[in-house]
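# Notes for the structure review
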Amino acid sequence: VFELGTSMSDVPPAEFEGEAFNAEELVKKYRRRLPLSRFHDCLSEYGDSVKADLVGLINDQYAVFVSLSGQMKAVEQKSIGLEVPLDESRGFALDFRQQLDDILHAADEKLARRAEVTARVRELERFTRNAQLMQRVRRALTESEVLRRREVDGSPLTGCIVLENLAGDVRRIQADAGSSAQLAVPVETVSAEITGLAAERLQPLLEELGQLSLQCAVESTFQVAAVGHLGRCLVALRRSGDFTAALVRVFVSPVLDAARSEAGEGSESLFRFLGVVESRLLPGSSARTRLLLSFSDSSTQLHSVPGLSVVSDVLALPILSYVQTHWQNVFMPAFPDAFAADFQRCEALIATCASHMAPSERHQFAKSEELTQHRKKWKTQVYSNLRAKECMLALEPSLKSSEVLDTAAKVQWSADVSRQYWLRVTGDVVRQLRRIFSPQVFLPPLFGKSLRLALEVLHRFSRAMRNVLSGESSRDSRAPYFMADVTSILLGCRSDGGEIFGLVWQMAQGGCGEHPRVAQLETALVAAFDVVTADLRTILADLERTSTEHIVAAVAQQFGSVRLVPASFRMRNKAMPVRPSPYVDAALAMLSDYSATCAVVGDSGRQLLDSACSELATQLGSALAGVIQTVEQQEKSMRRFAKAGGEAEEFGDTDKILIQLAIDACTFRASVVESFGLDGTSEGLQQLVSSVSKLVATYGSHLPSG
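Residues numbered from 1 in each chain as written. Predicted model: local features only at pLDDT ≥ 70, side-chain atom pairs only at ≥ 80, totals over all residues. Heavy atoms only, no water.

### Quick word on the overall build of the chain
Across its full length, the chain holds 27 helices and zero strands. Looking at the 706 residues of the chain, the share that counts as buried comes to 39%. Excluding contacts between residues fewer than 6 apart, the proportion of contacts in the chain whose partners are at least 24 apart in sequence is 75%. When the accessible surface of the chain is totalled, it reaches about 40,100 Å², and 54% of it is carbon and sulfur. (Helix = DSSP H or I, 4+ residues; strand = E, 2+ residues; numbered from the N terminus. Buried < 20%, exposed > 50% of the residue type's maximum accessible area, 1.4 Å probe, protein only. Contact = heavy atoms within 4.5 Å. Areas by Shrake-Rupley, 256 points an atom, 1.4 Å probe, with all protein chains shown as cover.)

### Description of helix H8 (residues 240-263)
Taking 1.5 Å per residue, 24 residues should reach 34 Å; H8 reaches 32 Å between its end C-alpha atoms and fits that length. Of all the bends in H8, the greatest reaches close to 45° and is centred on Val252; the proline Pro254 follows between one and four positions later. Along H8, the positions that sit buried rather than exposed are Phe243, Thr244, Ala246, Leu247, Val248, Val250, Phe251, Val252, Val255, Leu256, Ala259 and Ala263. Just past H8, the residue Gly264 takes up positive phi, approximately 75°. (Expected span 1.5 Å × (residues − 1). Bend = angle between axes of the 7 residues up to and from the residue.)

### Let's talk about unusual backbone geometry
Even without a glycine there, the phi angle at Arg238 is positive, about 60°. Along the chain, the position of Arg238 falls in the loop between helix H7 (221-236) and H8.

### Structural notes on helix H19 (residues 479-492)
Taking 1.5 Å per residue, 14 residues should reach 20 Å; H19 reaches 20 Å between its end C-alpha atoms and fits that length. The buried count for H19 comes to twelve of 14 residues, which makes it a mostly enclosed element. Residues Ala479, Pro480, Tyr481, Phe482, Met483, Ala484, Asp485, Val486, Ser488, Ile489, Leu490 and Gly492 constitute the buried set of H19.

### As for the pattern of salt bridges
Inspection of every chain in the model, using the stated rule, returns 24 salt bridges. Here Arg434 ties to Glu499 by a salt bridge, and the two come within 2.1 Å at their closest N and O atoms. Here the residue Arg434 occupies a position in helix H17 (residues 424-436), and Glu499 occupies one in helix H20 (residues 499-512), the gap between them amounting to 65 residues. On the basis of relative accessibility, which here comes to 26%, the residue Glu499 falls in the partly exposed class. For the salt bridge of Arg494 with Asp496, the shortest nitrogen-to-oxygen distance reads 2.7 Å. On the basis of relative accessible area, Arg494 is assigned to the partly exposed category, the value being 43%. Judged by relative accessible area, Asp496 falls into the exposed class, the value being 52%. Three or more residues joined by partner-sharing salt bridges are found here, namely Arg466, Asp535, Asp542, Arg545 and Glu549. (Salt bridge = Lys/Arg side-chain N within 4 Å of Asp/Glu carboxyl O.)

### Remarks on the packing of aromatic side chains
Applying the stated criterion across every chain yields a total of 14 aromatic pairs. Taken together through their ring pairs, the aromatic side chains of Phe331, Phe339, Phe343, Trp378 and Tyr383 make up a single cluster. Directly above the aromatic system of Tyr30 lies the positively charged group of Arg33, at a separation of 5.1 Å from the ring centroid. Taking NZ or CZ as reference, Lys377 lies 5.3 Å from the ring centre of Phe331, over its face. (Phe/Tyr/Trp six-rings, centres within 6.5 Å; stacked < 30°, edge-to-face > 60°. Lys NZ or Arg CZ within 6 Å of the ring centre and 35° of its normal.)

### Side note on the packing of helix H9 (residues 269-280) against helix H11 (residues 310-326)
Interhelical geometry of H9 versus H11 gives an angle of 160° and a closest axis separation of 12 Å. With respect to their mutual orientation, H9 and H11 come out roughly antiparallel. Here H9 runs over H11; the crossing is right-handed. Of H11, the residues touching H9 (which contributes Leu270, Phe273, Leu274 and Val277) are Ile319, Tyr322 and Val323. By residue class, the composition of the contact of H9 with H11 is seven nonpolar, no polar and no charged. (Axes fitted to C-alpha atoms, helices over the stretch in contact; angles between N-to-C directions. Parallel < 35°, antiparallel > 145°, perpendicular 65-115°, else oblique. Left-handed = near helix turned anticlockwise from the far one by under 90°. Nonpolar A, V, L, I, M, F, W, Y, C, P; charged D, E, K, R; others polar.)

### Section: the nonpolar core
Grouped together as the largest cluster of nonpolar side chains are 88 residues, with contacts concentrated most on Leu591, Leu661 and Phe668. Not counting chain neighbours up to four residues away, the residues in contact with Leu661 comprise Val562, Val565, Leu624, Val627, Ile628, Val692 and Leu695. With 83 residues, the next largest nonpolar core counts Ile194, Leu247, Leu256 and Val441 among its residues. (Core = buried A, V, L, I, M, F, W, Y, C linked by side-chain atoms within 4.5 Å.)

### Overview of the packing of helix H10 (residues 287-294) against H11
Where H10 meets H11, the closest approach of the two axes is 9 Å, and the angle between their N-to-C directions is 145°. Judged by the sense of rotation from one axis to the other, the crossing of H10 with H11 is right-handed. Residues Thr289, Leu292 and Leu293 of H10 touch H11, and the partners they reach there are Val310, Val311, Val314 and Leu315. Its residues assigned to classes, the contact of H10 with H11 shows six nonpolar, one polar and no charged.

### Observations concerning the confidence of the model for the chain
Atomic detail in the predicted coordinates should be set aside for any region of low pLDDT. Per-residue pLDDT for the chain has a mean of 80; in total, 85% of the residues score no lower than 70. Per-element confidence in the chain is highest for helix H14 (residues 369-377), whose mean pLDDT is 92, and lowest for helix H16 (residues 407-417), whose mean pLDDT is 43. Across residues 406-418, where pLDDT falls below 50, the model places 16 contacts with residues more than four positions away in sequence or in other chains. (pLDDT = per-residue confidence, 0-100.)

### So, the environment of Ser355
Tracing the chain through its elements places Ser355 in helix H12 (residues 336-355). Measuring from C-alpha to C-alpha, the distance between Ser355 and Val311 comes to 9.7 Å, with 44 residues separating the pair along the chain. Only 3.2 Å separates the side chain of Ser355 from the side chain of His356, close enough to count as a polar contact. (Polar contact = N/O pair within 3.5 Å; in protein donor to acceptor, adjacent residues only side chain to side chain.)

### Describing the environment of Cys353
When you line up the elements, Cys353 lands in helix H12. Here Cys353 falls in the buried class, since its relative accessible area comes to 0%. A C-alpha to C-alpha distance of 9.9 Å links Cys353 and Leu317, two positions 36 residues apart in sequence. Residues within four places of Cys353 in sequence aside, it is in contact with Leu282, Val311 and Ala316.

Structure below.
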């Protein structure tokens, strides 16, 4: 099917122009617009037009074309004579290129052989140098026996210096070893011999230092310096573990054994053990600890050992290993309280040790396999499940009850939660939330699970309040108590000073510290609390609405008596009214009872009373407006049928009726404003005043003052 209304003019000449012309694309474009025969005719017509234009151009520029043709023939004749010389030059160039490639290939092979020979020469030089150095080391080891017998005044310093220098030579041999295994100088035997000599000297020196007091250790410069030389010797031989093991064996293990004996047995033995260890081994706690730290202090160049991590390898990790060996039963939360206390005490010890480490040592300690395995042994997931089950079991009875506490019980209850809550379930919820994030229960690694448990507790509280809302209790006198507690929970979940949110955020900050993503965590917490409290906000609005409807429905029944006011004055010859009608007194008495309940629960009750009074004022104003309109219409009718010439009374029944209605409206407004302390500018009270404004303007002087 071809598109109608297409002619040859639809293939304009511009389609054939430009550098981007594509014949295939042109055919695809117009094959559905034109039949192929018509399209062929268009192309033929355009081709004829181009030929005609070309012929015309040639005719116009005939002399130029003839001259160009002659010049092209002359160039062709000259180029024929150059073909043979150019072919010969091309052959010479190809032969030269091949010869040059052969020369370069041969040069590369010779350079490679030269580099290989040079590398072998360097390996031989390195081997010769290392062999000579090894010979000096062996000779020195032989002489070290003599040096040990010739020590002046029994000082071990000379032999320790020799051992450190020999270890440095062995380290240089290892660092200078080449890639050829055949030319490598073996150092294992010499290294083991130096290590044995260093260990033989190290043990008695450490035992001697262990027996000295702080003052003696400072004065015994030769002994401390000798230990430093031996430590650097072992580190140079990559046997730093032997040095740290010796330090642990002499300075740490006896303290741990003594602390274990003092801790005794029982569920709190680990807690007591860690307390003793902290007082005797942690940095700054004793003379021996300060002596140990001096070996990693770069300022004490005489006996410092570079690369030695005293706090992590000599203090922290051995203590944790000792705990895992002798207190294997504490890692399972058979007694959750004791488990939490032991875990927190261990984490506090780890944090104290980490605070005395250099940044590089702290990073290595945090990534160490020993610390990771120690933390994996604590069954924190089991502990979390036990705490969650314990929390839900404690909440289960109160979640099924909507009991409102009386004043005495409320005061006793507030002593436990330090605030006043009117529902037993609210007090239980707040107490459990405080317990979840209390220092005795909360564990930093379980922050995510603790937060989830807290949100689950709040969700169950919302469900309990939803059940209350669906029952009859939300529409009786207990509704203000429900509103007060829901409002208290919502205020506690606010990020700007809420008690519940503050507990969570305090624990989150303690675990994150100065982490760069702490701001993102705060945003996530605010969003989580907004989600979990969304239903509570809806429940609060529903409680206010249903409670307001209940109060309004109960009090508004009295307003039905407004229609009886005209009948009480017609043909009765009553005196001028000065008091409100009985229905106003009855309505105010009922509101007074509700006000006493609302005043007890604070702001929530005042808000509820404001809403109810505003709605009641609106309904009373509507009822009064209807009665006033009826009375005025009746008055007009009576005047039309009245006898002409009759003497009019100064205040008839209609005037008395209207004055009574104005007194009722003014009394109701003044009472709710003065007695209940409500805002007189609310919309409902303004409508009530507006409904009797004309009456007040007309009979203002006859209305009671106030």
